[in-house]
Amino acid sequence: MSRTAQKRFLVVRTDRLGDLILSLPVLSALKQAYPGCVVGLLVAAQTAPLVEGHPDVDILLTDDPHTEHRGIRGWARLVGQLRMGRFDTAILLHPTLRLALALTAARIPQRLGTAYRAYSLLFTHRVPVHRKGVARHELDLNFDLLSPIAPRPAQVAFNIPVTEEARAHVRHLLAPLRSRHAGKLVVIHPGSGGSARDWPLEHFARLADELTRQLNATVVVTGSAQESQLVDRLWQLCQQKPFRLDGRTSLKELAALLGEADLVVSNSTGPLHLAVAVGTEVIGFYCRIRACAPERWGPYGRPDSVLTPEVEPCERCTGARCPDWDCMSSISVEQALALAARKMNEPHAP
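What counts and what doesn't
Per chain, residue numbering runs from 1 following the sequence as it is written. Where local features are concerned, this predicted model is filtered to residues with pLDDT of at least 70; where side-chain atom pairs are given and counted, the filter is 80 or more; whole-chain, interface and lining totals use all residues. Hydrogens and water are ignored here; the side-chain numbers use all heavy atoms of the structure. The helix and strand labels rest on DSSP assignments: H or I over at least four residues marks a helix, E over at least two residues marks a strand, and numbering proceeds from the N terminus. The globule rule is 2.2 Å times the number of residues to the power 0.38, and the radius of gyration it is compared with is taken over C-alpha atoms. Partly exposed describes any residue whose relative accessible area lies between the buried limit of under 20% and the exposed limit of over 50%, with all areas from a 1.4 Å probe on protein chains only and scaled to the type maximum. Contacts are assigned to residue pairs with any non-hydrogen atoms lying within 4.5 Å of each other. Charged-residue counts in this description rest on Lys and Arg as positive and Asp and Glu as negative, His and the chain ends being excluded. Charge coordinates come from a single atom per side chain, which is NZ of Lys, CZ of Arg, CG of Asp or CD of Glu. The rule for a salt bridge is simple: a side-chain nitrogen of Lys or Arg has to be within 4 Å of a carboxyl oxygen of Asp or Glu. In this analysis, strands are considered paired if DSSP registers two or more bridges between them. With its strands directed away from the observer, a crossover is right-handed exactly when the path from the first strand over the helix to the second travels clockwise. Axis definition: a line fitted to C-alpha atoms, over the contacting stretch in the case of helices. Angles run 0 to 180 degrees between N-to-C directions. Pairs of cysteine sulfur atoms within 2.5 Å are identified as disulfides in what follows. Every angle not falling under 35 degrees, over 145, or within 65 to 115 is termed oblique; those three ranges are roughly parallel, roughly antiparallel and roughly perpendicular. By convention the crossing between two helices is left-handed if the near helix lies anticlockwise of the far one by an angle smaller than a right angle, and right-handed if it lies clockwise. Amino acid classes used here: Ala, Val, Leu, Ile, Met, Phe, Trp, Tyr, Cys and Pro are nonpolar; Asp, Glu, Lys and Arg are charged; the rest, including Gly, are polar. Two kinds of site are reported from a 1 Å grid over the protein atoms alone, namely cavities, where a 1.4 Å probe fits but cannot get out, and pockets, open sets with protein on both sides within 12 Å along at least five of seven lines, and residues are called lining when an atom falls within 4 Å of a point. Grid points are joined across faces, edges and corners, and a volume is the space filled by probe spheres set on the points.

### What about the overall build of the protein chain?
A tally of regular secondary structure across the protein chain gives 13 helices and 12 strands. In terms of C-alpha radius of gyration, the protein chain reaches 21 Å, essentially the compact-globule figure of 20 Å for 350 residues. Along the three orthogonal principal directions, the C-alpha set of the protein chain runs to about 60 × 50 × 40 Å. Buried positions account for 55% of the 350 residues belonging to the protein chain. Of all intrachain contacts in the protein chain linking residues separated by at least 6 positions in sequence, the fraction that spans at least 24 positions is 61%. Charge-centre separation for the protein chain: the mean point of 41 positive side chains lies 7 Å from the mean point of 34 negative side chains.

Below you can see the structure in the form of structure tokens.
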């Protein structure tokens with residue numbers, strides 16, 4: 001592929017928040033490999049606000065298969081929007097038949113996708129990248145898929161656009177807390193959206209209490225508006241009541257909040273990857289289901305930030321029938337507190 005003429009790329013990642021975040025370094029890789037190129041990004045409607053104003057995105061498109069792009073007519077509307085972008089190359093990072101057909105129908109000349117799908121014949125570049133059962137990180141797999149047209153950059157860059165407006169809103173939300181507490185800021189995110197097995201809520205509550213008591217930390221709990229009942233339960237379990245911000249931040253404001261924190265403690269979920277992307281220390285709890293392994297989905301470049309049960313890997317959780325049930329409970333609060341103290345460079349009681 002010539003690098004002299006202006007190229008128009010479309011990167012497609014329409015699944016969840018964490019998946020999108022782990023795909024963002026592909027954008028800067030294209031910009032470095034093809035100076036002056038145009039980069040479009042097709043994302044799910046619910047994740048689009050995070051990447052508005054991204055420095056490596058020239059055209060932001062959204063796919064909403066439940067409303068605007070629902071059914072055959074909606075799909076045709078999406079195809080028309082893709083044609084208007086006049087893209088010459090598309091990279092389908094998360095393969096689906098629906099999107100592969102859309103890229104083909106939009107007459108994008110070069111289409112990169114995995115070689116391991118029944119519909120891979122729709123791609124002009126069938127890349128031998130197989131995700132299932134592979135012990136490689138999702139971010140690295142995204143670079144692998146890009147490799148036929150662009151080299152992996154020397155540095156991984158997420159370039160999350162955090163606006164001053166978002167930072168100001170977060171400072172406003174935290175003002176009442178900052179006026180009463182001077183300790184380091186720890187954000188706890190107890191939800192996961194069902195993407196993996198979670199650390200018990202009771203453990204999160206005890207950790208929040210001990211962070212306050214032993215490390216003099218200021219604890220903030222986050223979650224989406226849909227997770228308010230989960231945060232209710234956590235708050236009730238806590239003796240030292242944390243500050244709640246569930247349902248009170250947009251994605252950009254959440255990025256600003258996580259950037260303000262000294263530590264983010266979370267299950268395996270999008271906000272954990274967002275914290276890594278904005279440069280904050282993290283602790284992540286990971287189960288032993290192979291498809292959820294930290295080797296694939298852990299905080300990128302932070303192997304020392306992962307806590308996982310010391311049991312054998314499994315294909316799926318069988319609940320109470322498993323001899324190791326409930327393995328996530330075996331990750332102790334004491335383990336998490338000790339790791340938090342190291343991450344925050346704070347002494348704590350043994």
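### Let's talk about the side chain of Glu253
Following the sequence through the fold, Glu253 ends up in helix α10 (residues 251–260). One buried charged residue, Glu253, remains without a salt bridge, the closest side chain of opposite sign being Arg248 at 8.9 Å.

### Observations regarding the pattern of salt bridges
Taken as a whole, this structure holds 18 salt bridges when the rule is applied. In this structure, Arg296 engages Glu138 in a salt bridge whose closest nitrogen and oxygen atoms are separated by 2.7 Å. Taken together, the positions of Arg296 in helix α12 (residues 294–297) and Glu138 in helix α6 (residues 138–146) put the pair 158 residues apart, joining distant regions of the chain. Residue Arg296 is classed as buried on the basis of its relative accessible area of 13%.

### Quick notes on the pairing of strand β4 (residues 89–92)
Residue alternation in β4 divides its side chains into two sets, Thr89 and Ile91 and Ala90 and Leu92, and both sets are buried. Pairing between strand β1 (residues 8–13) and β4: 4 bridges, direction parallel. If you follow Val12 over to β4, its bridge partner there is Leu92. One ladder, built from 3 bridges, connects β4 with strand β5 (residues 110–114); its direction is parallel. Pairing of Thr89 across the sheet is with Gln110, part of β5. Each parallel crossover has a hand, and for β4 linked through helix α5 (residues 97–105) to β5 it is right-handed.

### Points about unusual backbone geometry
Omega for the bond connecting Trp325 with Asp326 falls within 30 degrees of zero, at -10°, which places this linkage in the cis form. Checked against the element boundaries, Asp326 lands in the loop between β12 (306–307) and α13 (333–344). Its identity is not glycine, yet Arg107 carries a phi of approximately 60°, on the positive side. Tracing the backbone through its elements, the reader meets Arg107 in the loop between α5 and β5. One non-glycine residue with positive phi stands out, namely Asn216, at about 55°.

### A short note on the sheet that holds strand β2 (residues 38–44)
Within the open sheet, the 6 strands sit side by side as β3-β2-β1-β4-β5-β6. Their pairing is parallel. One side of each edge strand has no neighbouring strand; the edge strands of this open sheet are β3 (59–63) and β6 (125–127). Between one strand axis and the next, the sheet turns through 20° on average, direction left out of account.

### Regarding the state of the cysteines
Taken as a whole and judged by the stated rule, the model has 0 disulfides. Free cysteine Cys292: the closest other cysteine sulfur is in Cys287, separated by 4.2 Å. Look at Cys292 and you get buried, because its relative accessible area is 12%.

### Notes on the packing of helix α8 (residues 201–215) against α13
Put simply, α8 and α13 touch, their axes get as near as 10 Å, and they point 45° apart. Regarding the angle of α8 to α13, the classification is oblique. As α8 runs across α13, the sense of the crossing is right-handed. Of the residues in α13, those in contact with His203, Arg206, Leu207, Glu210, Leu211, Gln214 and Leu215 of α8 are Val333, Glu334, Ala336, Leu337, Ala340, Ala341 and Met344. Across the contact of α8 with α13, the residue classes break down as 9 nonpolar, 2 polar and 3 charged.

### A look at the layout of surface pockets
There is about 870 Å³ of room inside the largest pocket. What lines the largest pocket is a set of 31 residues, among which Arg16, Leu17, Thr269, Gly270 and Pro271 lie closest to the centre. Elements with a minimum of two residues in the lining of the largest pocket: α1 (17–21), α10 and α11 (270–277). Classifying every residue of the lining of the largest pocket by side-chain character gives 9 nonpolar, 18 polar and 4 charged.

Everything listed here is a matter of geometry and, on its own, says nothing about what the molecule does.
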